[in-house]
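Descriptive analysis of the structure
Here are the chains, one letter per residue:
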Amino acid sequence: MTTTWMIEIRLGERPDARPLRRAVVDAHSEAEALRLVLAQAEADEGEARAGLDDGQEEVFAEAEAANGRTEHHTGEDDGRQG
């Protein structure tokens, strides 16, 4: 008999922290439920990596992009007047 499991993954100990991942899975055991969520996380990571351009080193978190943080490499035009 399967059980419905809700698994939330958080970083840190703050009870109000938003989960990085939330999944609801049907599984026979806690271990099986965790394996299913891990498999999905690995698949999601693989899809995200497949979408990267050649030479792209870093993907900024949504919060960083929203705050205007960008990466600048030496030799690139950053749009500032010198």
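Just above sits the structure.
Below you will find a few notes about this structure. Given the structure is predicted, the values throughout are model-derived calculations rather than measurements. Going along each chain's sequence as written, the residues are numbered from 1 onward. Per-residue local features are limited, in this predicted model, to residues with pLDDT of at least 70; the limit for side-chain atom pairs, both in listing and counting, is 80 or more; totals at the level of whole chains, interfaces and linings are taken over all residues. Side-chain descriptors were evaluated using all non-hydrogen atoms of the structure, hydrogens and water having been removed beforehand.

A few points about the overall build of the protein
Secondary structure elements are taken from DSSP: a helix is a run of H or I of four residues or more, a strand is a run of E of two residues or more, and numbering for both begins at the N terminus. Of the regular secondary structure elements, the protein holds two helices and two strands. Looking at the protein residue by residue over its 82 residues, the buried ones come to 10%. Areas reported here follow the Shrake-Rupley algorithm with a probe of radius 1.4 Å; residue values treat only the protein chains shown as occluding. Surface accessibility of the protein: about 7,300 Å² in total, with carbon and sulfur atoms responsible for 48%. Exposure categories follow from relative accessible area, calculated using a 1.4 Å probe and restricted to protein chains: below 20% of the type maximum is buried, above 50% is exposed, and the middle band is partly exposed.

Describing the pattern of salt bridges
Salt bridges are defined by distance alone: a side-chain nitrogen of Lys or Arg within 4 Å of a carboxyl oxygen of Asp or Glu. By the definition in use, this model includes four salt bridges. With a closest N to O distance of 2.6 Å, Arg-10 and Glu-8 form a salt bridge. Judged by its relative accessible area of 33%, Arg-10 is partly exposed. Here Asp-44 makes a salt bridge to Arg-21, at a shortest N to O gap of 3.0 Å. One end of the pair, Asp-44, is in helix H1 (residues 30-50); the other, Arg-21, is in strand S2 (residues 21-27), with 23 residues separating them in the sequence. Among the residues examined, Asp-44 registers a relative accessible area of 29% and is labelled partly exposed.

Observations regarding the nonpolar core
Ile-7, Ala-23, Val-25, Ala-27, Ala-33 and Val-37 form the largest nonpolar core, which has six residues in total. Those elements that place two or more of their residues in this core are S2 and H1. In terms of residue count, S2 provides more of this core than any other element does, three residues in total. In these notes, a set of buried Ala, Val, Leu, Ile, Met, Phe, Trp, Tyr and Cys residues joined through side-chain atoms within 4.5 Å is what counts as a nonpolar core.

Some thoughts on the environment of Ala-23
Its place among the elements puts Ala-23 in strand S2. A sequence separation of 14 residues divides Ala-23 from Val-37, and the C-alpha atoms of the two residues are 6.8 Å apart.

Section: a nonpolar patch on the surface
Patches draw on residues past 30% relative accessible area with no salt bridge. Two like charges within 9 Å are joined, as are two nonpolar side chains (Val, Leu, Ile, Met, Phe, Trp, Tyr) within 5 Å. On the surface, Ile-9, Leu-11 and Leu-20 cluster together into a nonpolar patch covering about 320 Å² of accessible area. A relative accessible area of 59% places Leu-20 in the exposed class.

Regarding the environment of Ala-41
Examined against the element boundaries, Ala-41 turns out to sit in helix H1. Sequence separation of Ala-41 and Arg-21 is 20 residues, and the distance between their C-alpha atoms is 8.5 Å.

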